[in-house]
Amino acid sequence: MPSGMLGTLLSLIDVLPLFSNTAWGQNANLAFLTKHMGATFEKRSQPWRSMINPEDVHSGDFLAVSKIRGRWGGFETLEKWVTGAFAGHTAVCLKDDLGNLWVGESGHENEKVDLNILKLVDRKRDILLSFSP
């Protein structure tokens, strides 16, 4: 323990709240990323949905997703800190020859995208991007 017993204990106190699936844990993740990476966050007004015209989405458009709450949020926060990344999950938009929009998601099978409203659906650690009518 190069930091000594007290330094190690203080580090644990800094990290343990990151894994709480509560507003306290979410705030701990935001504070950790601000303190250790200089990240800034802007609260969005509700509803947390954006209207996106599929015609405005092109092959190669990049999507960056960041989870900041719950057990996986804590792991992603530490992963961001260690790697210097600001996203825990990435995806890219692709259109086939028929103009159908697909999302290629890092580490997962591709998911087909339907149309209209952008939604992020959290299923455990999996994040599915879809456009719904």
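Residues numbered from 1 in each chain as written. Predicted model: local features only at pLDDT ≥ 70, side-chain atom pairs only at ≥ 80, totals over all residues. Heavy atoms only, no water.

**Some words on helix α3 (residues 70-83)**
Under the 1.5 Å per step criterion, the end-to-end length of α3 is 20 Å for 14 residues, consistent within 8% with the ideal 20 Å. What α3 keeps buried is the set G70, G73, G74, E76, T77, L78 and K80. Buried residues along α3 sit in contact with α1 (4-15) and α2 (23-37). (Helix = DSSP H or I, 4+ residues; strand = E, 2+ residues; numbered from the N terminus. Expected span 1.5 Å × (residues − 1). Buried < 20%, exposed > 50% of the residue type's maximum accessible area, 1.4 Å probe, protein only. Contact = heavy atoms within 4.5 Å.)

**What about the pairing of strand β4 (residues 101-105)?**
A large share of β4 lies buried, amounting to 4 of its 5 residues. Taken together, the 5 bridges between strand β3 (residues 89-95) and β4 define a ladder with antiparallel strand orientation. When the sheet's bridge partners are listed, C93 is paired in β4 with V103. (Pairing = 2+ DSSP bridges.)

**A look at the packing of aromatic side chains**
Taken as a whole, this structure holds 3 aromatic pairs when the rule is applied. Ring centres of F32 and W81 lie 5.4 Å apart, and the angle between their planes is 90 degrees; on these two criteria the pair is classed as edge-to-face. One end of the pair, F32, is in helix α2; the other, W81, is in helix α3, and 49 residues separate them in sequence. A relative accessible area of 42% means that W81 is categorised as partly exposed. With 5.5 Å between their ring centres and 45 degrees between their planes, W72 and F75 make a pair best called tilted. Separated by 3 residues within a single helix, W72 and F75 lie in helix α3, roughly one turn from each other. Residue classification places W72 among the partly exposed residues on the basis of a relative accessible area of 32%. (Phe/Tyr/Trp six-rings, centres within 6.5 Å; stacked < 30°, edge-to-face > 60°.)

**A look at a nonpolar patch on the surface**
Taken together, the side chains of L6, L9, L10 and I13 define a hydrophobic patch exposed on the protein surface, amounting to about 420 Å² of accessible area. Within the secondary structure, L10 sits in helix α1. (Patch = residues over 30% accessible without salt bridge, like charges linked within 9 Å, V, L, I, M, F, W, Y side chains within 5 Å. Areas by Shrake-Rupley, 256 points an atom, 1.4 Å probe, with all protein chains shown as cover. Salt bridge = Lys/Arg side-chain N within 4 Å of Asp/Glu carboxyl O.)

**Here we look at the environment of V57**
Inspection of the secondary structure puts V57 in the loop between β1 (50-51) and β2 (62-65). For V57, a relative accessible area of 7% corresponds to the buried category.

**A few points about the nonpolar core**
Within the largest apolar cluster, 5 residues are counted, these being L30, L33, M37, A39 and I68. If we skip the residues at most four places from it in the chain, M37 touches F32, K80, W81, G84, A85 and F86. (Core = buried A, V, L, I, M, F, W, Y, C linked by side-chain atoms within 4.5 Å.)

**Let's talk about the environment of N27**
One can find N27 in helix α2. Placed 42 residues apart in sequence, N27 and R69 show a C-alpha to C-alpha distance of 8.4 Å.

**What to know about the confidence of the model for the protein chain**
Residue-level pLDDT values for the protein chain average 76, and 77% of them are 70 or greater. For the protein chain, strand β6 (residues 117-123) is the element with the lowest average pLDDT, namely 37, and α2 is the one with the highest, namely 92. Predicted confidence is poor over residues 114-133, with pLDDT under 50, and the contacts of this stretch with residues over four places away or in other chains come to 57 contacts. (pLDDT = per-residue confidence, 0-100.)

**Comments concerning the side chain of S20**
Looking at the element boundaries, S20 is found in the loop between α1 and α2. A residue is classified by how much of its surface remains accessible, and S20, at 17% relative accessible area, is buried. Of the polar contacts made by the side chain of S20, one reaches the side chain of T22; its length is 2.7 Å. Aside from chain neighbours lying at most four places away, what touches S20 is G25, Q26 and G70. (Polar contact = N/O pair within 3.5 Å; in protein donor to acceptor, adjacent residues only side chain to side chain.)

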